[in-house]
Amino acid sequence: MKWDWSILNRAILALVFSLFAWSCQKSPTQQEAKQQTLEVEPQTVLAEGYLQPHPIGKAPVDKPWITDLTIVDLDQDGFFDVVACEGQKHEVIWLRQYPLGTYTESVIGDPVNGPAHVSACDVDLDGDTDLLVSGMGVIFPNDDKIGTVVIMEQVSPGLFKNRVLLENTSRVTDIRGADLDGDGDIDLSVAQFGYYTGEGRWMENKGDWNFESHLLTSLSGAIHCPIADLDGDGTNDILMLISQEWEELHLFQNVGGKDRFQTKRIYGSTNEDYGSSGIRLVDLDEDADLDVLYTNGDAFDYSRPGPRPWHGVQWLENVGRGFFRFHRLGDFAGAYSPVACDIDNDGDLDVLAVSGFNHWESPDAFSLVCFENDGWNRFQRRILARKPTHLMVMDAADMDGDGQVELITGSFHAYPPYDSIARFMLWDTTNQKQKLSD
């Protein structure tokens, strides 16, 4: 009997392909399995009404200028507190949470002229939390040398002493603390924005509250300067957001030696009115390095503040060795204060932002949005709130220990309309969780 080998070969190939197809059906890839799960999930609940705002702290009696806030357990009692800056009243405010769910407001330290930013750090390494307060002198543009670098040292529980480390300098917009030179103490990065003039520097800790300044850049418009190891070499780098006409992100890579930092521009807009307004470092794609969330929504440099069509939110993906890939997440008028958290409890990080500038006279204007992550770092904008308006700053944490993230926002009412005034709002999902359980 003579075999028809061509027929036999075709039969064997058919059998192989059948087995391969069967195995694929029985064992889908991780991506296919997750996609199948996504397809059968119920429709998202991220919409207006998902988060409920609750005022905390004192009621507004005029037009608040909340220029910054951060969530921190300042007194180490196990409850998250809120520390904030009031730019017009020259105050640093502590909203102490104790007992759970009760916030008591007080002013801490001595006045700081035009406080623009506050961050928490144990500068003197004595085991408690100190505060780094950026003094602009005045909040609106000014080239006078009226800036101050202030450390509020916690000298006893809840008692703070102002230490002025630098004064008579360009307006200070941000201060961060970490060990930059590898000697075990806390150094500082400093951003300064005068108007036409400005600077960025790092301040080397020499001990006994003495710091030596090292200039990093003389560009005007530096507004944020977080510290982290962004290139994966084991040393802390400085990322500086420079607004004004530059609209750039500069990475100061820590290479050690006399000239410790090398400068690399990792992003720059060709639009001189881009309106850079904030950055935050977070591992958004959860690949064990830090990415950059970046908002552009500033409009203070216009005679009439308001939204611009190019305002929005973006993600600079860390691809290693100091290189980043740009992703536009979406448009958002007046975007400020980006935050990443799992707001919908689906296991991935979403991106939220607030609006400081919008057409507040219009009922269609909104002040709080979420760019919802579908699990594959594809983001869909969801409107969460329209009121209160003029939201400028935000932070996120599980404030009450229920396993769900809450938001804290602060309002900056420097221009009209003044018909939806607020100071501090805590946003939670209490009502939404009750609806879902019913």
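Residues numbered from 1 in each chain as written. Predicted model: local features only at pLDDT ≥ 70, side-chain atom pairs only at ≥ 80, totals over all residues. Heavy atoms only, no water.

## Considerations on the environment of N142
Thought 1: Looking at where N142 falls in the secondary structure, it is placed in the loop between β7 (130-135) and β8 (147-156).
Thought 2: Put simply, N142 and Y196 are 54 residues apart on the chain and 8.3 Å apart in space, counted from C-alpha to C-alpha.
Thought 3: Excluding residues within four positions of it along the chain, N142 makes contact with R171, G194 and Y195.
Thought 4: In this structure the side chain of N142 is engaged in a polar contact, spanning 2.7 Å, whose partner is the backbone nitrogen of D144. (Helix = DSSP H or I, 4+ residues; strand = E, 2+ residues; numbered from the N terminus. Contact = heavy atoms within 4.5 Å. Polar contact = N/O pair within 3.5 Å; in protein donor to acceptor, adjacent residues only side chain to side chain.)

## Some words on the sheet that holds β8
The strands that make up a sheet pair up through hydrogen bonds in the backbone, lying either parallel or antiparallel.
Thought 1: Strand order in the open sheet formed by four strands is β6-β7-β8-β9, and the pairing between neighbours is antiparallel. The sheet is open, and its two edges are formed by β6 (115-121) and β9 (159-169), each paired on a single side. Looking at each pair of strands side by side, their axes are set apart by 20 degrees on average, direction ignored. (Pairing = 2+ DSSP bridges. Axes fitted to C-alpha atoms, helices over the stretch in contact; angles between N-to-C directions.)

## Points about the environment of P338
Thought 1: Relative to the elements of secondary structure, P338 occurs in strand β23 (residues 335-341).
Thought 2: Looking at P338, the relative accessible area reads 2%, which means it is buried.
Thought 3: Sequence spacing of P338 and L281 is 57 residues, and the spatial spacing of their C-alpha atoms is 9.6 Å. (Buried < 20%, exposed > 50% of the residue type's maximum accessible area, 1.4 Å probe, protein only.)

## Describing the sheet that holds strand β1 (residues 52-56)
Thought 1: As summarised here, the arrangement of the four strands in space is β1-β29-β28-β27, forming an open sheet in which the pairing is antiparallel. Across the chains shown, the open sheet's two edge strands, defined by having one partner strand only, are β1 and β27 (391-397). This sheet shows a mean twist of 25 degrees between the axes of neighbouring strands, independent of strand direction.
Thought 2: With five bridges connecting them, β1 and strand β29 (residues 424-428) associate as antiparallel partners. Residue P53 lies in a different strand from β29, and its bridge partner there is W427.

## Digging into the confidence of the model for the protein chain
Thought 1: Looking at the protein chain, pLDDT values average 90 and 87% of them are 70 or higher.
Thought 2: Scored below 50 in pLDDT, residues 1-9 shows zero contacts in the model against residues more than four places distant or in partner chains.
Thought 3: A low-confidence stretch, residues 11-43 (pLDDT under 50), is modelled with nine contacts involving residues beyond four sequence positions or located in other chains. (pLDDT = per-residue confidence, 0-100.)

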